[in-house]
Structure formats: structure tokens, C-alpha cells
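What follows is each chain in one-letter form.
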Amino acid sequence: MKKIYPNLNSLRFIAASLVIIHHIELYKYLFGLRNLWDIPFFQIIGKLGVVLFFVLSGFLITSLLLHEIDLKGKISIKNFYLRRVLRIWPLYYLIIILGFFVYPYIPFFDIPNKDIFPNVLENRFPNIFFYLTIFANLAIPIYKDVPYTSQTWSIATEEQFYLLWPFLFIFFRKKLLPAMLIIILGYWFLKYVINETHYPSKFINLHSKSIISGFLYFFNINCMAIGGIFAVIVSKKFKLLKLIFNNTIFILTSASTIALLIFGIHFGFFHYDIYAVLFAIIIVNLACNEKFKNLLENKITNYLGSISYGIYMYHFIALTIAIRAAIYFDSLWIIYPITFLLTFTISHFSYKYFENFFLKLKSKFN
């Protein structure tokens, strides 16, 4: 796997690990096992791990498109979409098939809490339509989570971002920063109107308002736009970059972010935006600041980061197996090592024997 920037594979692995830790404590709670779910750290790190992925995507995709314009003077939308399809769709649809047509028939994979995970079979066919059209982030507010596929909401958000973003460069090439800022402001405005006022209730019923609110919770294009803004700052070498690359700023940002996560600090309406900015400062320094180019570079986390898509998609399977093993052996400490090791193993073989077939095709459209 050819890397454009250093350190970012390791950062992907960190993001995936935050999601796994979050779900381990959640599943321990759902299965009635002793857990740490009431500690704020464990409650916030799952979504923030995904936000880190989103900021990374915004930064990398924007950098890629800017680089393509510099080289060729234009963007090949067809090749861009084909690259994304070959990377995302094979594993995405495999997880959907397993979640809707395999796991519901295997009692071993049942999850006790029916409030969060209702019976998949009851609304399977209207529900699966949203997943097949990559609108899982809309399906969940309507039908609730589907076990082992609920993580695909973020893939839906990513795909919707990919669908939109190249056109930003076609229609607003010379005004990218204002366009990205308008996207963020528009997202804030819509979120505020739906969640913080009674105004929409004059036009839509409470059920529809709840669905729109749920969709906006998942559709974090604001975080991707923040990553995109920092990519433009790097590409155009704005004067602000000197401040971002300041050693003290990087160290303070990194230390503050870690402390905020550990203490489970929530920032209310701008919660994800604030963390997205902190993540973006860290990403830009790790990717582009020569002083930190080897900070997270090592073979183990580099490889685990390269298979992080599989780690993210498969970890629920490994987690349930770990929970069942812990219950059987009456030993809760084994949940963490089994979950991580089994997730890494499944993801390794998936990457090598399944995903890699499509990744080789992807190289034809670079």
C-alpha cells in the first residue's frame, strides 16, 4: 500500500481502537456483565474515533484532488468514483449480507438488548433498501440498529461525502475555502433549526423531525470539511501553517486532546467541531511537519492502520465471540485480548485474500 503521508496509518489504527474499546464496554453493559460504561471516556470515544476518521478523509481526499488538479489541470470524476467503489463496496456489501441474511439465523450472535437492536427480520426488506443504496445513516433513525452492520452508518456518510466533494473542485475551484465554510455553516444552521428550536414542528411532525435529527447526528460532513480546510491551508502554504507547525502548539494540542478524551469532556452543540479542529492540527503536523514525520512510524501500527477498514467492519463479530467466551469461562479479562487479536486476524485474512483483489483493480484508476 503506497503511502502519501507518514504517520497516518498509525493514526487510523488509533481511531479504530477507540471505536473497539467503546463497543467492548457497551456490549459488556448490554450482556449484563461488569462494565465501565458509565465512565464518560468510554461513552464519547466511539463517535470521536469515527470523527477522527472523518477528518482524515476530508484532509486526504481534498489533498488528493488538489494534487490531481496540479498534475493534470482537472479531476477525473470517473476514476475517483471507481477508486472509492473498489475500496469500499466489496467489504461493505459483504457485511450487509452477513448482517441481514446470516447472523439473524445463528443464536450465538443474538444480542440481548432489543431496545437498541430490534428483530432484524421484522423490517428487513424496507430496511435493507437504505443499506443497499448506502443510506445506512438514514436507516438507523428509522429502524434502529442492525447488529453487526450498525457501523456502516459511517461508511454511508463517507460515500455521500465522496459523491459531493469532487464537484466542489469543479464549480468552486478558486473559492474552495469559502465553499467549505458555507458547508459547515449550513450544517450548523440546519442542526440548530432541527434540534434547538420549535420552528420545524410547524412544517414537519415530531417523528420526521426525529429522523432528520438522527440523520444529522450521523452525517458529519462538517468534520470532513474541517479536514478539507486544513488540506487547502497546507496545499496553498497559507501563513497560518507556520503557527500550526509550531512545536508548542502541536504539543499543547496533542496533550489537550488526550486529556479531554480521558476526562470525557463534551462541548455541547459544537462538540464534534472542536474535536475535529484539534484532530486536524494533529493530522497536519504528523503528515506534513518534517519535525514529526517519524513520530508514529513503525511496522506494526502501520500495517494495522492499512487494514483498519477491516478492523472497523469486523470487530463486532470478534467482540461477540469474546463476550461469549468470557461468559463460558467466567473470566471477563479475556474480552479485550480476544476481541483485538481476533479482529486483527480476521481483518488480515480479509485484506490479503478478499479486499486485495479489488485493490489491485483500483490501481488501474490512479
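Further up the page is the structure itself.
Residues numbered from 1 in each chain as written. Predicted model: local features only at pLDDT ≥ 70, side-chain atom pairs only at ≥ 80, totals over all residues. Heavy atoms only, no water.

Under the counting rule described, the total for this entry stands at 39 aromatic pairs. Taking the centre distance of 4.8 Å and the plane angle of 45 degrees together, the rings of Tyr103 and Tyr148 count as tilted. In this pair, Tyr103 sits in the loop between α3 (77–101) and α4 (124–132) while Tyr148 sits in the loop between α5 (136–143) and α6 (152–171), placing the two residues 45 residues apart along the sequence. Take Tyr148: its relative accessible area is 2%, and that puts it in the buried class. Between Tyr275 and Phe279, the ring centres sit 6.1 Å apart and the planes meet at 35 degrees, which makes this aromatic pair tilted. Of this pair, Tyr275 and Phe279 both sit in helix α12 (residues 271–288), four residues apart, which is roughly one turn of that helix. A relative accessible area of 0% places Tyr275 in the buried class. In this structure, Lys191 packs its charged tip against the face of Phe269, placed 4.8 Å from the ring centre. (Phe/Tyr/Trp six-rings, centres within 6.5 Å; stacked < 30°, edge-to-face > 60°. Helix = DSSP H or I, 4+ residues; strand = E, 2+ residues; numbered from the N terminus. Buried < 20%, exposed > 50% of the residue type's maximum accessible area, 1.4 Å probe, protein only. Lys NZ or Arg CZ within 6 Å of the ring centre and 35° of its normal.)

All right, on to the pattern of salt bridges then. Counted according to the given criterion, the structure contains four salt bridges. A salt bridge links Glu68 to Arg83; the shortest N-O distance between them is 4.0 Å. Of this pair, Glu68 sits in helix α2 (residues 40–72) while Arg83 sits in helix α3; the two residues are 15 residues apart in sequence, bridging distant segments of the chain. The buried category is assigned to Glu68, whose relative accessible area is 10%. Arg87 is paired through a salt bridge with Glu355; the nearest N and O atoms lie 3.1 Å apart. (Salt bridge = Lys/Arg side-chain N within 4 Å of Asp/Glu carboxyl O.)

Below, the discussion takes up the nonpolar core. Counting 128 residues, the largest nonpolar core has Leu8, Tyr27, Phe59, Tyr92, Tyr131, Trp165 and Phe169 as the members making the most contacts within it. Residue contributions to this core peak at 18 residues, all from α2. The contact partners of Tyr92, leaving out residues within four places of it in the chain, are Tyr131, Ile134, Ala136, Thr152, Ile155, Tyr309 and Met313. (Core = buried A, V, L, I, M, F, W, Y, C linked by side-chain atoms within 4.5 Å. Contact = heavy atoms within 4.5 Å.)

Take a nonpolar patch on the surface next. A cluster of nonpolar residues, Ile97, Phe101, Val102, Tyr105, Ile106, Phe108, Leu121 and Phe125, forms a patch on the protein surface that exposes about 720 Å² of accessible area. Mapped onto the secondary structure, Phe125 falls in helix α4. (Patch = residues over 30% accessible without salt bridge, like charges linked within 9 Å, V, L, I, M, F, W, Y side chains within 5 Å. Areas by Shrake-Rupley, 256 points an atom, 1.4 Å probe, with all protein chains shown as cover.)

Moving on, we come to helix α7 (residues 176–196). Given a rise of 1.5 Å per residue, 21 residues ought to cover 30 Å, and the 29 Å separating the end C-alpha atoms of α7 matches this to within 8%. Within the sequence span of α7, burial applies to Leu176, Ala179, Met180, Ile183, Ile184, Tyr187, Lys191, Val193 and Ile194. Residues of α7 that are buried make contact with α2, α6, α8 (206–218) and α9 (221–235). (Expected span 1.5 Å × (residues − 1).)

For the rest of this paragraph, the subject is the environment of Ile116. In this structure, Ile116 sits in the loop between α3 and α4. Ignoring any residue separated from it by four or fewer positions in sequence, one finds Ile116 in contact with Leu30, Lys144 and Asp145.

In contact at an axis separation of 7 Å, helix α14 (residues 308–329) and helix α15 (residues 335–362) are set at 140 degrees when each is read in the N-to-C sense. With respect to α15, the element α14 is oriented oblique. Here α14 and α15 pass one another in a crossing that is right-handed. Taking contact as the criterion, the partners of Tyr309, Gly310, Ile311, Tyr314, His315, Ala318, Leu319, Ile321, Ala322, Ile323, Ala325 and Ala326 in α14 are, on α15, Ile335, Ile338, Thr339, Leu342, Thr343, Phe344, Ile346, Ser347, Ser350 and Glu355. (Axes fitted to C-alpha atoms, helices over the stretch in contact; angles between N-to-C directions. Parallel < 35°, antiparallel > 145°, perpendicular 65-115°, else oblique. Left-handed = near helix turned anticlockwise from the far one by under 90°.)

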